[in-house]
Amino acid sequence: MTACIFCQICAGTLPASVVYEDKQVMAFMDIHPLGRGHVIVIPRHHARQLPELPPGLADYLFVVARHILKAQRALGWGLEGSHILLNDGPQANQTVAHVHVHIIPREKRDSLPSLGRLLMHVTGLYGPVVKRQRLDQQAQALAAQLARLPLLTAPELPAA
Ligand code: AMP
Ligand code: ZN
């Protein structure tokens, strides 16, 4: 079995609160959210860092991230702003070595708690885990909003 936790999520051997999936990507709730409704988008193809991804797949990752951002805002999350973040490499705080885009909604006056969570994140302690039931509820709410947006079309890519 692969040691990569995101590959395990893709394989269905590790639980995840899935927001969206197709043949190229998966989006699921971050288990240690840095903001309400924090989502992670990953390619199914294992690659540690962005330059290792086929270009069409790297582009598509951000197309899906943009859809997630819209779905979050339709729910009122991140109306004041969001981080669309990709930590590319350990020195840039990448702790899971499988490319992923964070979409992190921010709220008014959340700077202090957000900073605390961020500090725990960069030290690898991560901070509190949100209950699966809550994450599943958020994932379902986002999936319902995504269904109202134009359909995403996963690109055909050459075999890795
Ligand atoms: P990074 O530091 O950019 O590599 O971010 C890795 C992210 O993965 C962190 O925000 C973690 O909270 C998140 N994470 C780790 N394990 C899981 C998991 N099993 N399910 C969902 N998110 C996870
Ligand atoms: Zn992986």
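Residues numbered from 1 in each chain as written. Chains lettered and ligands numbered in written order. Predicted model: local features only at pLDDT ≥ 70, side-chain atom pairs only at ≥ 80, totals over all residues. Heavy atoms only, no water.

(A) Quick peek at the site of ligand 1. The immediate surroundings of ligand 1 are formed by 18 residues, with Asp30, Asn93, Thr95, His102 and His121 found nearest. One of the backbone N or O atoms of Ile31 is found 3.3 Å from a nitrogen atom in ligand 1. Between ligand 1 and Thr95 there is a distance of 2.7 Å, counted from an oxygen atom to a backbone nitrogen or oxygen. Contact with the protein chains removes 94% of the 510 Å² of surface that ligand 1 exposes when unbound. Listing elements by their share of the shell around ligand 1, those giving two or more residues are α1 (5-11) and β2 (25-29). (Near = heavy atom within 4 Å. Polar contact = N/O pair within 3.5 Å; in protein donor to acceptor, adjacent residues only side chain to side chain. Areas by Shrake-Rupley, 256 points an atom, 1.4 Å probe, with all protein chains shown as cover. Helix = DSSP H or I, 4+ residues; strand = E, 2+ residues; numbered from the N terminus.)

(B) Up close: helix α4 (residues 132-146). Taking 1.5 Å of rise per residue, 15 residues should cover 21 Å, and α4 covers 21 Å from first to last C-alpha, within 8% of that figure. For α4, the set of buried residues is Leu135, Gln138, Ala139, Leu142, Gln145 and Leu146. Angularly, the buried residues of α4 cover 120° about the axis, an arc narrow enough to put them on a single face. Projecting away from the buried face of α4 at angles above 90 degrees are the exposed residues Gln133 and Gln140. Residues of α4 that are buried make contact with β1 (18-21), β2, β3 (39-43) and α2 (55-74). (Expected span 1.5 Å × (residues − 1). Buried < 20%, exposed > 50% of the residue type's maximum accessible area, 1.4 Å probe, protein only. Arc of directions from axis to C-beta. Contact = heavy atoms within 4.5 Å.)

(C) Focus on the packing of aromatic side chains. For the structure shown, the criterion picks out one aromatic pair. Taking the centre distance of 5.4 Å and the plane angle of 70° together, the rings of Phe6 and Phe28 count as edge-to-face. In this pair, Phe6 sits in helix α1 while Phe28 sits in strand β2, placing the two residues 22 residues apart along the sequence. (Phe/Tyr/Trp six-rings, centres within 6.5 Å; stacked < 30°, edge-to-face > 60°.)

(D) Seen up close, the coordination of the zinc ion (ligand 2). Within the protein, the zinc ion (ligand 2) binds to Cys4 (SG), Cys7 (SG), His46 (ND1) and His98 (ND1); these donor distances fall in the range 2.0 to 2.3 Å. In this structure, the zinc ion (ligand 2) is coordinated by four donor atoms arranged in tetrahedral fashion, with angles at the metal of 105 to 117°. We classify His46 as partly exposed; its relative accessible area is 38%. (Donors = N, O, S within 2.8 Å, 3.2 Å for Na, K, Ca; no water. Tetrahedral: all angles 85-135°; square planar, octahedral: opposite > 155°, others 65-115°.)

(E) Up close: the state of the cysteines. For the coordinates displayed, the defined rule picks out zero disulfides. The closest cysteine sulfur to the non-disulfide-bonded Cys10 is located on Cys7, 6.0 Å from its own sulfur. (Disulfide = S-S within 2.5 Å.)

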